[in-house]
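Spelled out from the first residue to the last, the chains are:
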Amino acid sequence: AAKRSGRNTFMVYDEHMERDAAEQRGLERDLLEALANRQFHLVYQPVCDTGSGEVMSFEALIRWHHPVRGAVPPSHFIPVAEQAGMILPIGAWVLETACVEAASWPRPVRVAVNMSPPQFLQLDLCDQVRRALDRAGLPPGRLDIEVTEGLMLGDEEVVLNNMVGLRAMGVRISLDDFGTGHSSLSYLRRFPFDRIKIDRSFVQNLGGDVEARAIVHSVLSLGRSLKLDIVAEGVETDLQLRELRILRCRLVQGYLLGRPMPLAAAQSLLQATSEPAGAARSVGSPTA
Ligand code: C2E
Ligand code: MG
Ligand code: MG
Ligand code: MG
């Protein structure tokens, strides 16, 4: 059948390409207006302590509400913004907004901001971060920056300078989606990270196959010897959480603990858990 429809397949493929290019141009054009028209907002997903059940920090995640398309996921528009050179203004907006919003939380937990490689490779990144913190009145110790291995393809000296500068200020740096790249281990040796986020794909199979458990176990012991915090991402089931507790993974994030939520809900969650110890909700228990 493949042979018979060979010609057709080629045509369909061609039309796809055409549509993708048009789609890309449309998105680029709309992205230009999205910032000015206030179509972006941030949602916050809790990172919890498996022992105490406390919310330890929140990760800020961008959301785009397009007037016609509706919700456009970041996996769809961030790559377009990167290619079209729009990621710098969008990234600056995310940083400033996250700092301002976190400064208003009822408890001083940290906020984590994701940065795309072009953003982290800016020569004046440290100044930008300092300005955003100062303007918001947020202490540097309350900001985490999450980067992925894609960053390491950039100028190594710029990456290192920015990391050293940010850490000297008290800002912490996390390596996101750990294990999905090609040479994660060599990055850990060359760059001074504070924290590793184990990619969801490894957490997913916990409780199912022994390989997943072995991998998560060795990342945890790697973290202990390198004195890095480890966060398990994408925890969705009780079984996964139980496995992570057995492996003594302290920090977890995922739909089971809390979906990304609007600012007001994050504030209420912090308020609810700032009551005396006994009243604090424990991780994994059903939400009230
Ligand atoms: P990430 O930084 O690894 O963020 C985690 C993603 O996993 C988020 O998707 C989150 O909603 C999702 N997630 C959390 N828990 C679970 C779970 O238990 N199960 C499943 N299936 N998914 C879970 P989201 O918000 O769609 O973001 C996707 C990616 O887009 C992020 O991955 C990050 O790389 C990027 N991104 C998001 N916001 C920003 C931003 O403000 N700036 C930049 N540069 N990138 C961003
Ligand atoms: Mg992240
Ligand atoms: Mg991740
Ligand atoms: Mg990711």
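Undergrad: Talk me through the packing of helix 5 (residues 125–136) against helix 6 (residues 156–169); I want residue IDs and the actual numbers.
TA: Direction vectors running N to C along helix 5 and helix 6 enclose 25 degrees, while the axes themselves pass 9 Å from each other. With respect to their mutual orientation, helix 5 and helix 6 come out roughly parallel. When the axes of helix 5 and helix 6 are compared, the crossing they make is right-handed. Along its contact with helix 5, which presents Leu125, Cys126, Val129, Arg130 and Leu133, the element helix 6 presents Asn162, Gly165, Leu166 and Met169. Each residue belonging to the contact of helix 5 with helix 6 can be placed in one class, and the counts come to 6 nonpolar, 2 polar and 1 charged.

Undergrad: I'd like to hear about the nonpolar core, residue by residue, with values.
TA: Ranked by size, the top nonpolar core spans 77 residues in total, and within it Phe120, Val129, Leu166 and Phe193 carry the most contacts. No other element matches the 7 residues that helix 3 (residues 87–103) contributes to this core.

Undergrad: Lay out the coordination of the magnesium ion (ligand 2) with the relevant residues and their values.
TA: Looking at the magnesium ion (ligand 2), the protein donor atoms are Glu59 (OE), Asn114 (OD1), Glu146 (OE) and Asp176 (OD), and they sit 2.0 to 2.2 Å from it. Each donor residue of the magnesium ion (ligand 2) lies on one chain, and together they are spaced E-x54-N-x31-E-x29-D. In this model, the magnesium ion (ligand 2) sits 4.2 Å from the magnesium ion (ligand 3), the two metals being bridged by Asp176. Linking Glu59 in strand 2 (residues 55–66) with Asn114 in strand 4 (residues 110–114), this pair joins segments that are 55 residues apart in sequence. With a relative accessible area of 4%, Glu59 lands in the buried category.

Undergrad: Mind laying out the pattern of salt bridges, listing which residues take part and the relevant values?
TA: Close approach of charged atoms lets side chains of opposite charge pair. As enumerated under the stated definition, the model contains 15 salt bridges in all. In this structure, Arg107 engages Glu54 in a salt bridge whose closest nitrogen and oxygen atoms are separated by 3.1 Å. Taken together, the positions of Arg107 in the loop between helix 3 and strand 4 and Glu54 in the loop between strand 1 (40–49) and strand 2 put the pair 53 residues apart, joining distant regions of the chain. Using a relative accessible area of 13% as the deciding quantity, one classes Arg107 as buried. With a shortest N-O distance of 2.8 Å, Arg167 and Asp194 are connected by a salt bridge. With Arg167 in helix 6 and Asp194 in the loop between helix 7 (184–190) and strand 7 (195–198), this residue pair connects regions lying 27 residues apart in the sequence. Judged by its relative accessible area of 36%, Arg167 is partly exposed. Taking the relative accessible area as the measure of exposure, Asp194 reaches 16% and is therefore buried. Three or more residues are tied together by salt bridges with common partners; here these are Glu23, Arg29, Asp30 and Arg69.

Undergrad: Tell me what's going on with the side chain of His66, and back it up with residues and numbers.
TA: Note that His66 resides in strand 2. For His66, a relative accessible area of 7% puts it in the buried group. Here Asp30 takes part through its side chain, which lies 2.6 Å from a polar atom of the side chain of His66. If we skip the residues at most four places from it in the chain, His66 touches Asp30, Gln39 and Val72.

Undergrad: If you had to explain helix 5 to someone new, which residues and values would you point to?
TA: The terminal C-alpha atoms of helix 5, which comprises 12 residues, lie 17 Å apart, in line with the 16 Å expected from a rise of 1.5 Å per residue. All buried positions along helix 5 are accounted for by Leu125, Cys126, Gln128, Val129, Ala132, Leu133 and Ala136. In a view along the axis of helix 5, the buried residues occupy a sector of 165 degrees, so they form one face of it. Structural note: helix 5 exposes Asp134 and Arg135 on the side pointing more than 90 degrees away from its buried face. In the core, the buried residues of helix 5 are packed alongside helix 3, helix 4 (117–120), strand 5 (143–147) and helix 6. Of the residues flanking the end of helix 5, it is Gly137, one or two places downstream, whose phi is positive at about 70 degrees.

Undergrad: Describe the packing of aromatic side chains, naming the residues involved and giving the relevant values.
TA: This structure, assessed with the given rule, holds 8 aromatic pairs. Ring geometry for Phe40 versus Phe77: centroids 5.7 Å apart, planes at 35 degrees, classification tilted. Remark: Phe77 occurs in helix 2 (residues 74–83) and Phe40 occurs in strand 1; sequence separation between them is 37 residues. Exposure class is identical for Phe40 and Phe77. Each is buried. Geometrically, the ring pair formed by Tyr44 and Phe58 is edge-to-face, given 6.5 Å between the ring centres and 80 degrees between the ring planes. Note that Tyr44 is positioned in strand 1 and Phe58 in strand 2, a separation of 14 residues in sequence. One aromatic cluster in this structure is built from Phe40, Trp64, Phe77 and Trp93. The residue whose ring lies beneath Arg259 is Tyr255, and the NZ or CZ to ring-centre distance is 3.8 Å.

Cut-offs applied
Residues numbered from 1 in each chain as written. Chains lettered and ligands numbered in written order. Predicted model: local features only at pLDDT ≥ 70, side-chain atom pairs only at ≥ 80, totals over all residues. Heavy atoms only, no water. Axes fitted to C-alpha atoms, helices over the stretch in contact; angles between N-to-C directions. Helix = DSSP H or I, 4+ residues; strand = E, 2+ residues; numbered from the N terminus. Parallel < 35°, antiparallel > 145°, perpendicular 65-115°, else oblique. Left-handed = near helix turned anticlockwise from the far one by under 90°. Contact = heavy atoms within 4.5 Å. Nonpolar A, V, L, I, M, F, W, Y, C, P; charged D, E, K, R; others polar. Core = buried A, V, L, I, M, F, W, Y, C linked by side-chain atoms within 4.5 Å. Buried < 20%, exposed > 50% of the residue type's maximum accessible area, 1.4 Å probe, protein only. Donors = N, O, S within 2.8 Å, 3.2 Å for Na, K, Ca; no water. Salt bridge = Lys/Arg side-chain N within 4 Å of Asp/Glu carboxyl O. Polar contact = N/O pair within 3.5 Å; in protein donor to acceptor, adjacent residues only side chain to side chain. Expected span 1.5 Å × (residues − 1). Arc of directions from axis to C-beta. Phe/Tyr/Trp six-rings, centres within 6.5 Å; stacked < 30°, edge-to-face > 60°. Lys NZ or Arg CZ within 6 Å of the ring centre and 35° of its normal.

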